[in-house]
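Fold and geometry: a report
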Amino acid sequence: MDKKIQMVDLHGQYMKIKSEVDKGIQEVIYTCAFINGPQVKEFGKDLEKYSGAKHVITCGNGTDALQIALMALGLKPGDEVIVPAFTYVASAEVIGLLGLTPVMVDVDPDTFNVTIENIEKAISPRTKAIIPVHLFGQSCDMEPIMKLAKNHNLYVIEDNAQAIGSVYTFSDGSKKHTGTIGTIGCTSFFPSKNLGCYGDGGAIFTDDDELAEKLRMIANHGQKVKYHHSVIGCNSRLDTIQAAVLKAKLPHLDEYCKARKAAADYYTTNLKGVDGIVVPKELPKSTHVYHQYTLQVLDGKRDALKEFLASKGIPAMIYYPLPLQKQEAFKDITKSVESLEISQRLAESVLSLPIHTELTHEEQDVIISAIKEFFKK
Ligand SMILES: *Cc1c(COP(=O)(O)O)cnc(C)c1O
């Protein structure tokens, strides 16, 4: 493969763990245990141990994980679920899919995450749940969110699809993995995620025994005993081959997070003095696992910078070009209580640079020089 700079380099990462991954995949094919093979349960146990969650329920993908979480909480049409306006569509799509009402709230311009003040303003008598999204790899400020949720009797579903491996520190000094703080946590193993498999995959985390049983049942056609269906569920399984890949990759997750953080630090050190951009901000309460390294480009120059980088063979991506309140799909079902202007502004100014576990300083130097050159013109 040629060494073009890439947003993510899954090939390079695979080559370093090829023998572990190939052995795992071969074993599944050899034993033909394609559906619910032993690797699925083994990976779930490994992930429980890694995350500290009492229960991990694996499923088909991250969007299913969020849907199954909402189904397990027994929410009814018309119930309101608070969700940030600046996120990937899946966080809010599942709310609409189940006939619930997404209530969009604005985010903090420094961290891209929902703020406690905005959540509080959005709570109504119909509010049943909050979905904080740990966007780009840094935890939302979960301690006040959990406290607010407790005071108002609300469920908290963490969308941890971008932050697996991140750790949040509470005011008493105790630490928890993101995804294990709320009532339920959800994650995705989409290939480009920080812990990605080689297809689709997802998982749900909870410490609640009763909820765990319900989540497991819903992900499996609403049955506990085969052919006896007690609730309406869905068919959402982690494929055994994907479980084998994840079992091989999970022991590397912490080193992957470290590599991403080191790459991010290198960008920040070299870009923080550049006029015209804002580098991402880290908060002391959470580690940042940099699913994305996202700049804010000032003065309407974002698209021009993106084009300039592309002309030099440097990819950059816009996550996300439209805030949820501007998405046609949500037009008729959304309730928003505020202007959401920060989400709009971010959609117009964010630009994510290449970041992955295989990125070298040489590649980053090329990217950094190009950005500096653009702003000197
Ligand atoms: C990727 C992602 C999802 C959905 O995960 P899939 O596995 O692609 O269904 C949900 N929320 C966020 C924030 C994501 O980044």
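Residue positions are given per chain, counted from 1 along the sequence in the order it is written. Under the rules for a predicted model, residues below a pLDDT of 70 receive no local features and side-chain atom pairs below 80 are neither given nor counted, while totals for whole chains, interfaces and linings still include all residues. Note: side-chain values were computed over all heavy atoms of the structure, leaving out hydrogens and water.

1. Regarding the pairing of strand β9 (residues 202–206)
β9 sits mainly inside the fold: five of its five residues count as buried. Remark: exposure states derive from per-residue accessible area (1.4 Å probe, protein chains only) relative to the maximum for the residue type, with buried under 20%, exposed over 50%, and partly exposed in between. Counting from the N terminus, the helices are the DSSP runs of H or I reaching at least four residues and the strands are the DSSP runs of E reaching at least two. Burial along β9 is two-sided: G202, I204 and T206 and A203 and F205, pointing in opposite directions, are all buried. In terms of strand pairing, strand β1 (residues 55–59) meets β9 through five bridges, oriented antiparallel. Bridged to T58 within β9 is A203. Strand pairing follows a simple DSSP-based rule, namely that at least 2 bridges must link the two strands. Relative to β9, strand β8 (residues 184–188) runs antiparallel, the two sharing four bridges. The residue of β9 that forms the bridge with S188 is G202.

2. Some remarks on the environment of K45
Position of K45 among the secondary structure elements: in helix α3 (residues 38–51). Residue K45 is classed as partly exposed on the basis of its relative accessible area, which comes to 48%. Residues K45 and V56, spaced 11 residues apart in sequence, show a C-alpha to C-alpha distance of 7.2 Å.

3. A short note on the site of the ligand
In the region of the ligand, 13 residues are neighbours, and G62, T63, D159, S188 and K193 sit closest. Two N or O atoms form a polar contact when they lie within 3.5 Å of each other; inside protein one atom must be a possible hydrogen donor and the other a possible acceptor, and for residues adjacent in sequence the pair counts only when both atoms belong to side chains. Separating an oxygen atom of the ligand from a side-chain N or O atom of T63 is a distance of 2.5 Å. With respect to the ligand, the side chain of S188 contributes an N or O atom lying 2.7 Å from an oxygen atom. Per-residue and other accessible areas follow the Shrake-Rupley method at a 1.4 Å probe size, with only the shown protein chains counted as cover for residues. Taking 380 Å² as the accessible area of the ligand by itself, protein coverage stands at 93%. Among the elements of the structure, α4 (62–72) and α5 (90–97) are those that each provide at least two residues to the shell around the ligand. Under the scheme applied here, ten amino acids are nonpolar (Ala, Val, Leu, Ile, Met, Phe, Trp, Tyr, Cys and Pro), four are charged (Asp, Glu, Lys and Arg), and all others, including Gly, are polar. A class-by-class count of the residues in the shell around the ligand yields five nonpolar, six polar and two charged. Near, as used in this document, describes a residue that has one of its heavy atoms within 4 Å of the molecule or strand being considered.

4. Digging into unusual backbone geometry
The step from Y319 to Y320 runs through a cis peptide bond, and the omega angle for that step is 10 degrees. Take Y320: it is sitting in the loop between α11 (302–311) and β14 (335–336). Look at F112: it is not a glycine, yet its phi comes out positive at around 70 degrees. On the secondary structure map, F112 appears in the loop between β3 (101–105) and α6 (116–122). Despite not being glycine, L340 has its phi angle at roughly 60 degrees, a positive value. Along the chain, the position of L340 falls in the loop between β14 and α12 (341–349).

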